[in-house]
Amino acid sequence: MSAGGVELIAVDGQRLRVGSWRGSARLGYLAPPAEGTVLPVSTLRHAVGHLAAAGYEEVITGAVPETEIGDLLDAGFTVRERLHLLTHPMTHLDTLRSTAGRIPTRRARRADRGPVLELDHLCFQPFWRLDDDALEESLVATPVARFRVTGGARPFRLSREAVTGYSVFGWSGDRGYLQRLAVHPDQRGRGLVEALIHDGLSWLARRGVRATVVNTQEENHRALRVYQRVGFVPEPHGLVVLSADLRP
């Protein structure tokens with residue numbers, strides 16, 4: 001694997017997703033393919049060696065429960081980012097619907113991806129911004145996903161400025177995931193956040209989901225307030241992203 005590539009590898013019998021973080025040639029990414037998989041120190045060190053041989057100078061992990069980072073610390077990783085983890089109990093959706101009002105959402109199309117990524121870059125810090133590969137990864141991270149946008153009422157004559165907000169929700173078993181949410185800064189406070197979240201939660205509720213989770217950076221106080229306002233409840237333990245220096 002050369003720097004910039006992405007692949008699924010097997011190390012010590014464990015399957016790992018390794019590759020580039022957001023298209024970077026120097027920053028690699030390491031994550032197990034399944035949530036909750038705990039990797040032994042020996043496996044982590046072999047994976048780190050694999051990324052170093054590919055030319056990466058640093059590696060970061062996916063979000064890991066803060067109670068399960070002992071082996072990563074033993075393998076030479078340090079904490080880079082801390083994230084709040086919140087859960088929605090899938091109750092009081094009617095109240096959320098009344099807050100969302102009559103703002104319509106629609107299914108995102110391939111033509112929306114450029115405007116969606118422009119919006120994403122406007123709303124997130126550089127480290128967390130999606131590129132096209134990362135957006136695709138958010139859509140395939142769960143067996144089924146719902147990708148919705150607001151704006152662009154005429155679907156076959158969209159302008160690049162048409163998308164005012166977007167969301168990606170995922171569904172796996174009885175659990176839902178709010179993978180991504182962004183609303184144009186000029187459109188905040190107009191109910192778009194509530195409309196997108198209500199759309200996603202209602203879709204999950206119809207499929208029997210009992211809880212939906214989302215995470216956000218600890219310093220993103222605005223997002224935390226928004227999620228709590230629409231019914232998400234912080235978990236007692238959060239998530240962390242770790243990193244390790246690969247340079248000799």
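You'll find the structure just up there.
Residues numbered from 1 in each chain as written. Predicted model: local features only at pLDDT ≥ 70, side-chain atom pairs only at ≥ 80, totals over all residues. Heavy atoms only, no water.

## Some thoughts on the overall build of the protein
Note the threshold: Secondary structure elements are defined from DSSP: runs of H or I of at least 4 residues count as helices, runs of E of at least 2 residues count as strands, and each element is numbered from the N terminus. Every radius of gyration here is taken over C-alpha atoms, with the globule rule written as 2.2 Å times N^0.38, N being the number of residues. Burial classes follow relative accessibility: with a 1.4 Å probe on protein chains only, a residue under 20% of its type's maximum area counts as buried, one over 50% as exposed, and anything between as partly exposed. By definition, residues are in contact when any of their heavy atoms lie within 4.5 Å. Exposure was quantified through the Shrake-Rupley algorithm and a 1.4 Å probe, taking into account, for residues, occlusion by the shown protein chains and nothing else. Under this rule, positive means Lys or Arg and negative means Asp or Glu; His and the chain ends count for nothing. All charge positions are set by atom: Lys at NZ, Arg at CZ, Asp at CG, Glu at CD.
Within the protein one finds seven helices and 13 strands. A globule of 248 residues ought to have a C-alpha radius of gyration of about 18 Å, and the protein, at 19 Å, matches this closely. A principal-axis box enclosing the C-alpha atoms of the protein has dimensions of 55 × 40 × 30 Å. Across the 248 residues that make up the protein, the buried fraction comes to 47%. The long-range share in the protein, meaning contacts at least 24 apart out of those at least 6 apart in sequence, stands at 73%. When the accessible surface of the protein is summed, it comes to about 12600 Å², and 49% of that surface belongs to carbon and sulfur atoms. Of the side chains in the protein, 31 bear a positive and 28 a negative charge, and the two mean positions are spaced by 10 Å.

## So, the side chain of E194
Along the polypeptide, E194 turns up in helix 6 (residues 192-205). In this structure E194 comes out as buried when scored by relative accessible area, which is 7%. Apart from residues lying up to four places away in sequence, E194 is in contact with L96, T99, A100, R229 and V230.

## Re the packing of aromatic side chains
The way to describe two aromatic rings as a pair is by their centre distance and the angle between their planes. The cut-off we apply is this: Centres within 6.5 Å make a pair out of two Phe, Tyr or Trp rings, where for Trp the six-membered ring is used; the pair is then stacked when the planes are under 30 degrees apart, edge-to-face when over 60, and tilted otherwise.
A complete count under the given rule lists seven aromatic pairs for this structure. Relative to W203, the ring of W171 lies with its centre 6.4 Å away and its plane at 85°, an arrangement referred to as edge-to-face. You can see W171 sitting in strand 9 (residues 165-172) and its partner W203 sitting in helix 6, a full 32 residues away along the chain. Classification of W171 by relative accessible area gives partly exposed; the value is 23%.

## Observations concerning unusual backbone geometry
The phi angle at R22 is positive, at roughly 55°, despite the residue not being glycine. Along the chain, the position of R22 falls in the loop between strand 2 (14-20) and strand 3 (27-31).

## Re helix 7 (residues 221-229)
As a reminder of what qualifies: The arc in question is the one traced by the directions running from the helix axis out to the C-beta atoms.
Within the sequence span of helix 7, burial applies to A223, L224, V226 and Y227. Summarising the axial view, the buried residues of helix 7 lie within an arc of 160°, below the 170-degree limit, and thus occupy one face. Opposite the buried face of helix 7, at more than 90 degrees from it, the exposed residues are R225 and R229. If you follow the buried residues of helix 7, they end up packed against strand 6 (78-88), strand 10 (175-183), helix 6 and strand 11 (211-217).

## Notes on the side chain of T150
Rule in force here: Nitrogen and oxygen atoms within 3.5 Å of one another constitute a polar contact, given that in protein one can donate a hydrogen and the other can accept it, and given that sequence-neighbouring residues count only through two side-chain atoms.
Note on placement: T150 falls in strand 8 (residues 144-150). A distance of 2.8 Å separates a polar atom in the side chain of T150 from a polar atom in the side chain of T164. Among residues more than four places away in sequence, those in contact with T150 are I103, P104, T105, A162, V163, T164, G165, L192 and L196.

## Comments concerning the pattern of salt bridges
The test is simple: We define a salt bridge as a side-chain nitrogen of Lys or Arg found within 4 Å of a carboxyl oxygen belonging to Asp or Glu.
In the structure shown here, the tally under the stated rule is twelve salt bridges. Note that R17 and E137 form a salt bridge whose closest N and O atoms lie 3.7 Å from each other. Taken as a pair, R17 in strand 2 and E137 in helix 5 (residues 132-140) lie far apart in primary sequence, 120 residues in all. Residue classification places R17 among the partly exposed residues on the basis of a relative accessible area of 31%. Residue E58 pairs with R80 through a salt bridge whose shortest N-O separation is 2.9 Å. You can see E58 sitting in strand 4 (residues 58-61) and its partner R80 sitting in strand 6, a full 22 residues away along the chain.

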